[in-house]
Protein chains: 2
Amino acid sequence: MKDYYLKKADENMPVQTNRIKASDTVVEIYEDESKHMGIGFKTVGTIKDELVPGDKFILDFGDHCVGKLSFKVNRVKTYLDAPVKLKLKFGEIPYEMSRDFSTFYGTLCQSWLQEEIIYVDYEGLVEMPRRYAFRFLEVEVLATPRKIRLSEFQVKITTCADESNMEPLPEGTDPMLVKIDKVSARTLADCMQEVYEDGPKRDRRLWSGDLRVQALTDSVLFKNKELAKRCMYLFAACQKDGQYLPGCLYYKPELFYDEGMGISDYALIYAVTLCDYYENYGDKETALDLYPIAAKQVDLAMSIHDEDGIITFLDGWVAFIDWAEGIKKRTAVQGVYLYALEKMEKLARDLGKTEDADRYAKHLEITRKNAYEKLFCKEKNAFINKYDDEQYSVQAQVWMILGGVICGEEAKSVLKQSFEKATVIPGTPYMHHYVMEAMMKLGMKDEAIAYMKSYWGEMVELGADTFWEVHVPGKQMLTHMKDPLLNSWCHAWSCSPSYFIRKYFID
Amino acid sequence: MKDYYLKKADENMPVQTNRIKASDTVVEIYEDESKHMGIGFKTVGTIKDELVPGDKFILDFGDHCVGKLSFKVNRVKTYLDAPVKLKLKFGEIPYEMSRDFSTFYGTLCQSWLQEEIIYVDYEGLVEMPRRYAFRFLEVEVLATPRKIRLSEFQVKITTCADESNMEPLPEGTDPMLVKIDKVSARTLADCMQEVYEDGPKRDRRLWSGDLRVQALTDSVLFKNKELAKRCMYLFAACQKDGQYLPGCLYYKPELFYDEGMGISDYALIYAVTLCDYYENYGDKETALDLYPIAAKQVDLAMSIHDEDGIITFLDGWVAFIDWAEGIKKRTAVQGVYLYALEKMEKLARDLGKTEDADRYAKHLEITRKNAYEKLFCKEKNAFINKYDDEQYSVQAQVWMILGGVICGEEAKSVLKQSFEKATVIPGTPYMHHYVMEAMMKLGMKDEAIAYMKSYWGEMVELGADTFWEVHVPGKQMLTHMKDPLLNSWCHAWSCSPSYFIRKYFID
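Predicted, not measured: the structure shown is a model, and the values here were computed from it.

**Overview of the relation of the copies chain B and chain A**
In summary, the two copies of the chain are related to each other by a rotation about an axis coupled with a shift along it. You can overlay chain B on chain A at an RMSD of 0.1 Å; the transform is a turn of 180 degrees with a shift of 0.0 Å along its axis. Read as a symmetry element, the transformation amounts to a two-fold axis. Proximity to the rotation axis, assessed at the C-alpha, singles out Ile117 of chain B in chain B; its C-alpha lies 3.3 Å from the axis. Interface overlap between copies is the fraction of interface residues in one copy that are interface residues in the other; for chain B against chain A it reaches 100%, indicating a shared surface.

Structure below.
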């Protein structure tokens, strides 16, 4: 089957749009504590007509771009009788431009730093072969035999998002929502490459957790059904008996996934992705084709509930849920399972797989009841339980709500209380997405809009062109890799505001 | 006419042979005063199976190569989930490998230093787009997310020298001459690119002085008639009324030459190149086509003799002759003129241009007589004259002999005495070529062989794979660009021993 799934994935390789974006706007960066990470920028002019060794300038492309750079190198007067040596440094945000990359001290591989030293042997057009994710480009002339002119800097944008499919928001939409929607759409488009990448600057791989958020958001924006299909088939090609799907995969130069890298909640979210896909595109053929893979995830989870009826982890497998210090995840994973199971019940029924649907329904009922009894603490009005060291996290409440363990006013009260009293709060935009989902499930539209404007809106106010991998209000230097220089500032799992805006917040 | 000449040049664009040369031989360099520039090398093994950041090794390709590098990057075990960052440093000789390129302090543009920092995004074959001239390649792993294997290093050799045209030297040839011939042939082949380059590492341009030596040597080695033709047409495209041809030209991205860069002796040598070409290949069509250009050089020189009948310089024009400290050049240029004029007389006569031939013959006779009277000092048995500050140089004697101002025993005595008494001696292999020519003209075959074995043979004994731009016995660190790091160690004007060996020294 692996070859079949890979073939289907190949057949759905998306077409790149190849839009061009040019810039000759030179900016300067400066220190300013009021700006994001303490660095602001301002326009100062255009590129000087004549450049000599030591000259450098920062170009601003005006928006986040993913693509391949080209520019022209020409002599000012006489022939360039030696190569021109240039240093190019790319940054998604001003902070990156303020850092000398050689000072990077993070835990990620420094080879992700977007910097090149190039030699231009002959004047004319320089077409750089690699892809970069950036808004700012610093160019430094390291060596040239004679004065040069640098011009026509442009990026051949790579994305398979067809932006003409994106409908304008209705007139009168809240201006902050309009801004947030724009940034969401840019985030998603820039992550839409040959797969839904998690971040176009770094990693660039396909994670099933991110895939779900991306495909869902894409269904209200660019509607690239083929890309969603391709990504689901790539994961299908990784299925092994007795195991969840891997949390992430690589497809270049050939399919690879790390067998030691299992993420329980992400495997369950794969099933959700297929359910969404069928719901949004009605493509029964693909749904039937991939149903066995999705079913395997929930069936496997179903088979590893312990004697208390609470989900366990496969040997060596972990859960992601969120980046939040000290977070315990078992309750949340239980919720993810129930959330997936509910969607799978519906899919099974829609596809005429009644026996499965009935089995899922039955298990849903039992497990929800069980979870409520074993995991919910009525006294504390929260899911605080021995399985998670009695930790009080927003994450657990959110997933129990999405898993349908509690609902209605009780759920609202649990959720609202958690925002005030929980000791572990959402860390990633990915988790914030599920908080939003929980609020919408509970009909808390006004609160959800306010939540979005507060969380994603703050990024917009801080100057985000695309939404970030990490954002915790008040902690601008936060990173999970020791040095924020390699944080991803255009990150897939942060792109979902457009989904909520377009599905729920506009008429 | 410019377009016509360029079209002819294009029509004669040579075909590249694209031979492959591979290496997995790892060497170490070490300090040793007995070695060339104090650096030796020894083989220590092959590339390690597993490499991590910080690992580095030097590969030895066994001989001087010009071409494009490719190699493979592979994971040892698990997927490379970040780019692999490598530093590559190329060197023609061990000394270059001993230097940190960032310490370069020479006057040439540092962009000629052959060094790259590259990022390999996906494992597999890496094909580097630029051309390098090297025997040694240092590879350093700057960053990799996991252990890597580097393998299959190979160079796609670029040359238009068809080495199958090169006849083996007869059995019994003096072994040192065999060695010198091999190094000469490698030098020439590696300079034979889209033009006869002066040096494949650096400059890479077409100089008319070098062209003559290369085309002449090529006529006894690879016999690439088209390349010689192409180069002569490129110069023809640069002809301007009332000026000599430029000393050098560039042809990429389009024809360019520096109008302020005129070299009187090189322009005259252009005429010699055409005469050689006709003599060696008998191509009358091309000779007739380019005759007017060659004739313009000698005619122009003829028109700028002063009232004493001694050649002068065009306003702003210089002469090259040789790199030798303090050298005065007017006598030598007079010799170059006469040397060219004699060849042009023959060519004119062969092509049926009798009127020109008669004029050249007449002028030859007058000017030789004149030169002897005005420039030769009988007392001192040498050309030591007021026009050159009474400087006594080998160069002046050589060119007066080649110009036919003196001949026979008198010339032999002048030449031999100059080797002992002159205060200015040949500095470049280019000038040594003309010393050899003068000796052969005077029938001094044994002395010429000894001279070659002493001069070029010393380079061979010092480990030269190709002959150097600069070689003065006892002055290994000599450079004309302050730092010897960017000396060219494969240089066109040093390639002519094969010409003498194959034309005169073997039966």
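**Examining the packing of aromatic side chains**
Residues and elements named next belong to chain A. This structure, assessed with the given rule, holds 70 aromatic pairs over all chains. Between Tyr499 and Phe500, the ring centres sit 5.1 Å apart and the planes meet at 70 degrees, which makes this aromatic pair edge-to-face. Take Tyr499 and Phe500: they sit in the same class, and that class is buried. The structure contains a cluster of three or more aromatic residues connected by ring pairs, namely Trp207, Tyr266, Phe320, Trp323, Tyr339, Trp399, Tyr430, Tyr434 and Trp493. One cation-aromatic arrangement involves Arg230 over Tyr251; the distance from NZ or CZ to the ring centre is 5.2 Å.

**Points about helix α13 (residues 445-461) of chain B**
Residues and elements named next belong to chain B. Across its 17 residues, α13 extends 22 Å between first and last C-alpha, which sits within 8% of the 24 Å expected from 1.5 Å per residue. At Tyr455, α13 is deflected by roughly 30 degrees, the largest bend along its length. Inspection of α13 places Ala448, Ile449, Tyr451, Met452, Tyr455, Trp456, Gly457, Met459 and Val460 among the buried residues, and these make up the whole buried set. In this structure, the buried residues of α13 make contact with α3 (175-191), α11 (408-421), α12 (429-441) and α14 (497-505). One or two positions beyond α13, positive phi appears at Gly463, with a value near 100 degrees.

**A few points about the pairing of strand β2 (residues 25-31) of chain A**
Bridge count for β2 of chain A against strand β3 (residues 39-46) of chain A is 7 bridges, and the pairing is antiparallel. Opposite Thr25 of chain A, over in β3 of chain A, you have Thr46 of chain A as the bridge partner.

**Observations regarding the interface of chain B and chain A**
Interface extent is often summarised as the accessible area lost during association of the parts. Taken residue by residue, the interface counts 33 residues in chain B and 33 residues in chain A. Linking chain B with chain A are 6 salt bridges. Measuring nitrogen to oxygen at the nearest pair gives 3.8 Å for the salt bridge that ties Glu254 of chain B to Arg75 of chain A. Linking chain B with chain A are 12 residue pairs in polar contact (both at pLDDT 80 or more). Looking at side-chain class alone, the side of chain B that touches chain A contains 15 nonpolar, 4 polar and 14 charged residues.

**Considering the state of the cysteines**
Applying the stated rule across the entire model yields 0 disulfides over all chains. The thiol of Cys160 of chain A is unpaired, and the distance to the nearest cysteine sulfur, on Cys231 of chain A, comes to 8.3 Å.

**Details of the packing of helix α10 (residues 394-402) of chain B against α12 of chain B**
Residue and element names in this part refer to chain B. Put simply, α10 and α12 touch, their axes get as near as 9 Å, and they point 45 degrees apart. On the basis of their axis angle, the class for α10 and α12 is oblique. α12 is crossed by α10, and the crossing has left-handed handedness. Two secondary-structure elements touch here, α10 through Val394, Gln395, Val398, Trp399, Ile401 and Leu402 and α12 through Met431, Tyr434, Val435, Glu437, Ala438 and Lys441. Here the contact of α10 with α12 is composed, by residue class, of 9 nonpolar, 1 polar and 2 charged.

**A short note on unusual backbone geometry**
Most peptide bonds are trans, and most residues other than glycine sit at a negative phi. Residues and elements named next belong to chain A. Residues Lys252 and Pro253 are joined by a peptide bond in cis, for which omega reads -5 degrees. Its identity is not glycine, yet Asp203 carries a phi of approximately 80 degrees, on the positive side. Among the structural elements, Asp203 can be located in the loop between α3 (175-191) and β9 (206-207). Exposure remark for Asp203: the relative accessible area of 13% places this residue in the buried category.

**Considering the side chain of Lys201 of chain B**
All names here are of chain B. Mapping Lys201 onto the fold places it in the loop between α3 and β9 (206-207). At 2.8 Å, the side chain of Lys201 and the backbone oxygen of Asn487 are in polar contact. Lys201 has contacts with Glu92, Glu96, Trp112, Gln114, Ala133, Leu485, Leu486, Asn487, Ser488 and Trp489, leaving out every residue within four places of it along the chain.

**Comments concerning the pattern of salt bridges**
Any two side chains of opposite charge can pair, given that their charged atoms come close. Applying the stated criterion to the full structure yields 82 salt bridges over all chains. In this structure, Asp283 of chain B engages Lys229 of chain B in a salt bridge whose closest nitrogen and oxygen atoms are separated by 3.9 Å. Pair noted here: Asp283 of chain B is in the loop between α6 (264-281) and α7 (284-303) and Lys229 of chain B is in helix α5 (residues 225-236), with a separation of 54 residues, a long-range link. By relative accessible area, which is 10% here, Asp283 of chain B ends up buried. Arg349 of chain B is the partner of Glu345 of chain B in a salt bridge, and the nearest nitrogen-oxygen pair spans 3.0 Å. A residue pair is termed a helical-turn pair when its members lie 3 or 4 positions apart in one helix, as Glu345 of chain B and Arg349 of chain B do in helix α8 (residues 330-350) at 4 residues. Taking relative accessible area as the criterion, Glu345 of chain B reaches 18% and is therefore assigned buried. In this structure Arg349 of chain B comes out as partly exposed when scored by relative accessible area, which is 37%. Several salt bridges converge on common partners, so that one network encompasses Arg19, Glu163, Arg186 and Asp190 of chain A.

**Focus: the packing of helix α4 (residues 208-218) of chain B against α6 of chain B**
Residues and elements named next belong to chain B. Closest axis-to-axis distance for the α4/α6 pair is 8 Å, and the angle between their directions is 15 degrees. Classified by the interaxial angle, the pair formed by α4 and α6 is roughly parallel. When the axes of α4 and α6 are compared, the crossing they make is left-handed. Side by side, α4 and α6 meet where Ser208, Gly209, Asp210, Leu211, Arg212, Ala215, Leu216 and Asp218 of the first sit next to Tyr266, Ala267, Ile269, Val272, Thr273, Asp276, Asn280 and Tyr281 of the second. Its residues assigned to classes, the contact of α4 with α6 shows 8 nonpolar, 4 polar and 4 charged.

**Description of the nonpolar core**
Formed by 145 residues in total, the largest nonpolar core has its most connected members in Tyr196, Met344, Trp399, Tyr434 and Phe505 of chain A. The residues contacting Phe505 of chain A, other than those within four sequence positions of it, are Leu177, Met436, Met440, Lys445, Ala448, Ile449, Met452 and Phe500 of chain A. Met37, Val298, Phe383 and Met452 of chain B belong to the second largest nonpolar core, which has 144 residues in total.

**Focus on the confidence of the model for chain A**
Averaged over every residue, the pLDDT of chain A is 96; the share at 70 or more is 100%. The ipTM for the predicted assembly is 0.96, set against a pTM of 0.96.

Scoring rules and cut-offs
- Residues numbered from 1 in each chain as written.
- Chains lettered and ligands numbered in written order.
- Predicted model: local features only at pLDDT ≥ 70, side-chain atom pairs only at ≥ 80, totals over all residues.
- Heavy atoms only, no water.
- Least-squares fit on C-alpha atoms with pLDDT ≥ 70 in both.
- Contact = heavy atoms within 4.5 Å.
- Phe/Tyr/Trp six-rings, centres within 6.5 Å; stacked < 30°, edge-to-face > 60°.
- Buried < 20%, exposed > 50% of the residue type's maximum accessible area, 1.4 Å probe, protein only.
- Lys NZ or Arg CZ within 6 Å of the ring centre and 35° of its normal.
- Helix = DSSP H or I, 4+ residues; strand = E, 2+ residues; numbered from the N terminus.
- Expected span 1.5 Å × (residues − 1).
- Bend = angle between axes of the 7 residues up to and from the residue.
- Pairing = 2+ DSSP bridges.
- Salt bridge = Lys/Arg side-chain N within 4 Å of Asp/Glu carboxyl O.
- Polar contact = N/O pair within 3.5 Å; in protein donor to acceptor, adjacent residues only side chain to side chain.
- Nonpolar A, V, L, I, M, F, W, Y, C, P; charged D, E, K, R; others polar.
- Disulfide = S-S within 2.5 Å.
- Axes fitted to C-alpha atoms, helices over the stretch in contact; angles between N-to-C directions.
- Parallel < 35°, antiparallel > 145°, perpendicular 65-115°, else oblique.
- Left-handed = near helix turned anticlockwise from the far one by under 90°.
- Core = buried A, V, L, I, M, F, W, Y, C linked by side-chain atoms within 4.5 Å.
- pLDDT = per-residue confidence, 0-100.

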